[in-house]
Amino acid sequence: MDVRLVNPTIKSGAKHINYLRVALTGFDMPSDKDRPPVNVALVLDRSGSMSGEKIARAKEAAITAINRLSDQDIVSVILYDSNVEVLVPATKASDRESIKAAIRSVQANGSTALFAGVSKGAAEVRKFLADDQVNRVILLSDGLANVGPKSPQDLESLGRSLIKEGISVSTLGLGLNYNEDLMVALASVGGGNHAFIEQADDLVAVFNQEFDGLLSVVANEFEINIDLDPSVRPVRLIGSEGDIDGQSVHIPLAQLYAKQERYFILETEIDAGEADTTRPVADVAVKYRNLKTETMDKLTSHVEVRFSDSDAEIEKARDLEILAYCTLQVTTERNRRATALRDAGQVQEAQKLLRQNADELSVVRLQCADAGVDVVLPELSQVEKSNSVQAESIIDVKKWGMLRKGMRAMQNRVEQQQTYGE
């Protein structure tokens, strides 16, 4: 665990906004044989819009995924169109040939009962639900939910309910006709990933990336608690959900992958202090289930701030790496606002925000490059370029549908620090 402030030294004699970052890094799992078992439901859209190349590639991707499972894993396959069918009930993945034969028989037809499909997938996972394994529903859809509950709020509520049970949800949107707001909402609260897959030919690769993560989870059941000093006011969490209660902040986290860094940004307001003194800012405690040792482990950390009259000392102490991560989250919030403005027809206002993002990311990137803080440069460059391209492309009405899906996927990837995408 790594706990740091953007400004570990601040000006004395006045209140200051400061940003606290709590980062967790998953340990390495030396052998695939040591990984915890997975309990996964593949929920596949077989509505009429999936006919032809899409359903062929979806079956190919699902079969590729089945091949990566071991005998100890549990898998189920759920199909949905106007109705929901459990093609393969939750079962050990030892008889992979019969599971793959069932998948090969799938044909596309009907409407899109997406909510019911996810619910049935969760029901199959629930049959073998256990704390010492990875429990996940993977949803593939190319169309709008048009049977049963269909709003982003409906699916968000379902995702929140499932994550409380220990079941995460990843959503894979195929083509240009699915509802990206609904799919992103479900994945972001469901502790999983979201991917925009423009071409069916990319399905196998995305399924492989999703399973790379699924098969490398090393810890779950996280309880992250930040207790702030009475002189520090919690303002808000940026880019993630959590509960703020007085001086305490609780942040949920479903799981952590091997060697993955997952961080959270808390904006704080620190009361004035005297020069050349230090003061506690926060105590951080993290409890989690170690899936290698099958034990509940705990980490603790503590962070302080120093007060100074020297601008040079304050500038020298600034943590550019933490500043870069804060900038990524703040500009992603702004990217969301730009999406909403473009939806409302306020194109120039949306462009202004995206250009502001690109400029701010460029400044921080150059500062980090000059200081040799190289670890953040690839992410800063990628998001800066995306905002720059979006600012110029957002005026094209014909391309807005595709661009919007890319923007929503990027927002989710940055906020959730997804291990794949774009």
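The following paragraphs examine the structure supplied in this document. As the structure is a prediction and not an experimental result, all values here were calculated from the model.

Moving on: the overall build of the protein. Within the protein, the regular secondary structure consists of eleven helices and 16 strands. Over its C-alpha trace the protein gives a radius of gyration of 23 Å, about what one expects of a compact globule, namely 22 Å for 422 residues. With the principal axes as the frame, the protein shows a C-alpha extent of 75 × 55 × 35 Å. A total of 422 residues make up the protein; the buried ones form 52% of that total. Of the roughly 17,400 Å² of accessible surface on the protein, a fraction of 48% belongs to carbon and sulfur atoms. Averaging the locations of the 48 positively and 63 negatively charged side chains of the protein gives two centres separated by 4 Å.

This next bit is on the nonpolar core. With 42 residues, the main nonpolar core has Val40, Leu69, Leu172, Phe207 and Phe211 as its most contacted residues. It is helix α1 (residues 53-67) that contributes the most residues to this core, seven residues altogether. Sequence-distant contacts of valine 40, defined by excluding residues within four places in its chain, comprise Leu69, Ile74, Val75, Ser76, Val125, Arg136, Ile138, Phe211 and Leu214. In terms of nonpolar packing, the next biggest core, distinct from the first, is built from 31 residues, Val3, Ile226, Leu253 and Val284 among them.

The tally for this structure, following the rule as stated, stands at three aromatic pairs. With 6.2 Å between their ring centres and 50° between their planes, tyrosine 178 and phenylalanine 196 make a pair best called tilted. Highlighted residues: tyrosine 178 in the loop between β8 (168-174) and α5 (180-189) and phenylalanine 196 in strand β9 (residues 191-197), separated in sequence by 18 residues. A centroid spacing of 4.7 Å and a plane angle of 50° characterise the contact between tyrosine 263 and tyrosine 325, whose relative ring orientation is tilted. Highlighted residues: tyrosine 263 in strand β14 (residues 261-270) and tyrosine 325 in helix α8 (residues 320-343), separated in sequence by 62 residues.

If you trace the four strands from one edge of the open sheet to the other, you get β1-β3-β14-β11, paired in antiparallel fashion. Edge positions in the sheet fall to β1 (2-5) and β11 (232-238), since each has one partner strand and no second. Strand-to-strand twist in this sheet, taken as the mean axis angle between neighbours without regard to direction, amounts to 25°. As paired strands, β11 and β14 are joined by six bridges and run antiparallel to one another. Following the sheet pairing, proline 234 is matched in β14 by threonine 268. Here α8 sits on the sheet in contact with β1, β3 (16-25), β11 and β14, set at roughly 85° to β14.

Before going further, it helps to spend a moment on the side chain of serine 231. Its place among the elements puts serine 231 in the loop between β10 (217-228) and β11. Side-chain polar atoms of serine 231 contact the side chain of aspartate 229, separated by 2.6 Å. At a separation of 3.4 Å, a polar atom in the side chain of serine 231 contacts the side chain of arginine 279. Among all residues touching serine 231, those that are not within four sequence positions of it are Glu269, Ile270, Asp271, Arg279 and Pro280.

Bringing helix α3 (residues 114-126) into the picture now. With 13 residues, α3 extends 18 Å between its outermost C-alpha atoms, agreeing within 8% with the 18 Å of an ideal straight helix rising 1.5 Å per residue. Within α3, the full set of buried residues consists of Leu114, Phe115, Gly117, Val118, Gly121, Ala122, Glu124 and Val125. If you follow the buried residues of α3, they end up packed against β4 (38-45), β5 (74-80), β6 (84-92), β7 (134-141), α4 (152-164) and α5.

Another aspect to go through is unusual backbone geometry. In terms of backbone geometry, most residues other than glycine have negative phi values and most peptide bonds are trans. The phi torsion at glutamate 221 lies on the positive side, around 55°, for a residue other than glycine. Phi angles above zero are rare outside glycine, and glutamate 294 is one such case at about 55°. Structurally, glutamate 294 can be placed in the loop between β15 (278-290) and β16 (295-308). The class for glutamate 294 is exposed, based on a relative accessible area of 51%.

Okay, the pairing of strand β13 (residues 248-257) next. With nine bridges joining them, β10 and β13 adopt antiparallel strand pairing. By the bridge assignment, isoleucine 226 is partnered in β13 with valine 249. Judged from the three bridges that link them, strand β12 (residues 243-245) and β13 form a sheet pairing that is antiparallel. Residue aspartate 245 lies in a different strand from β13, and its bridge partner there is serine 248. The turn linking β12 back onto β13 is made up of two residues, and glycine 246 within it adopts a positive phi angle of 65°.

With respect to topology, six strands assemble into an open sheet ordered β2-β16-β15-β10-β13-β12, the strand pairing being mixed. Looking along the sheet, the strands with just one partner apiece sit at the ends: β2 (9-11) and β12. Averaged over all pairs of adjacent strands, the angle between strand axes in this sheet comes to 25°, irrespective of strand direction. Bridging between β10 and β15 involves eight bridges; their strand directions are antiparallel. What sits directly across from leucine 228, in β15, is alanine 282.

Turning our eyes to something else, we now look at the environment of aspartate 283. Within the secondary structure layout, aspartate 283 lies in strand β15. Take aspartate 283: its relative accessible area is 41%, and that puts it in the partly exposed class. Sequence separation between aspartate 283 and asparagine 412 is 129 residues, and the spatial gap between their C-alpha atoms is 28 Å. With near-sequence residues (within four places) excluded, aspartate 283 lies in contact with Asn225, Ile226, Asp227, Ser301 and His302. Polar contacts involving the side chain of aspartate 283 include one to the side chain of histidine 302, which spans 2.6 Å.

So, how was this worked out
- Residues numbered from 1 in each chain as written.
- Predicted model: local features only at pLDDT ≥ 70, side-chain atom pairs only at ≥ 80, totals over all residues.
- Heavy atoms only, no water.
- Helix = DSSP H or I, 4+ residues; strand = E, 2+ residues; numbered from the N terminus.
- Rg over C-alpha atoms; globule rule 2.2 N^0.38 Å.
- Buried < 20%, exposed > 50% of the residue type's maximum accessible area, 1.4 Å probe, protein only.
- Areas by Shrake-Rupley, 256 points an atom, 1.4 Å probe, with all protein chains shown as cover.
- Lys, Arg positive; Asp, Glu negative; His and termini not counted.
- Charge placed at Lys NZ, Arg CZ, Asp CG, Glu CD.
- Core = buried A, V, L, I, M, F, W, Y, C linked by side-chain atoms within 4.5 Å.
- Contact = heavy atoms within 4.5 Å.
- Phe/Tyr/Trp six-rings, centres within 6.5 Å; stacked < 30°, edge-to-face > 60°.
- Pairing = 2+ DSSP bridges.
- Axes fitted to C-alpha atoms, helices over the stretch in contact; angles between N-to-C directions.
- Polar contact = N/O pair within 3.5 Å; in protein donor to acceptor, adjacent residues only side chain to side chain.
- Expected span 1.5 Å × (residues − 1).

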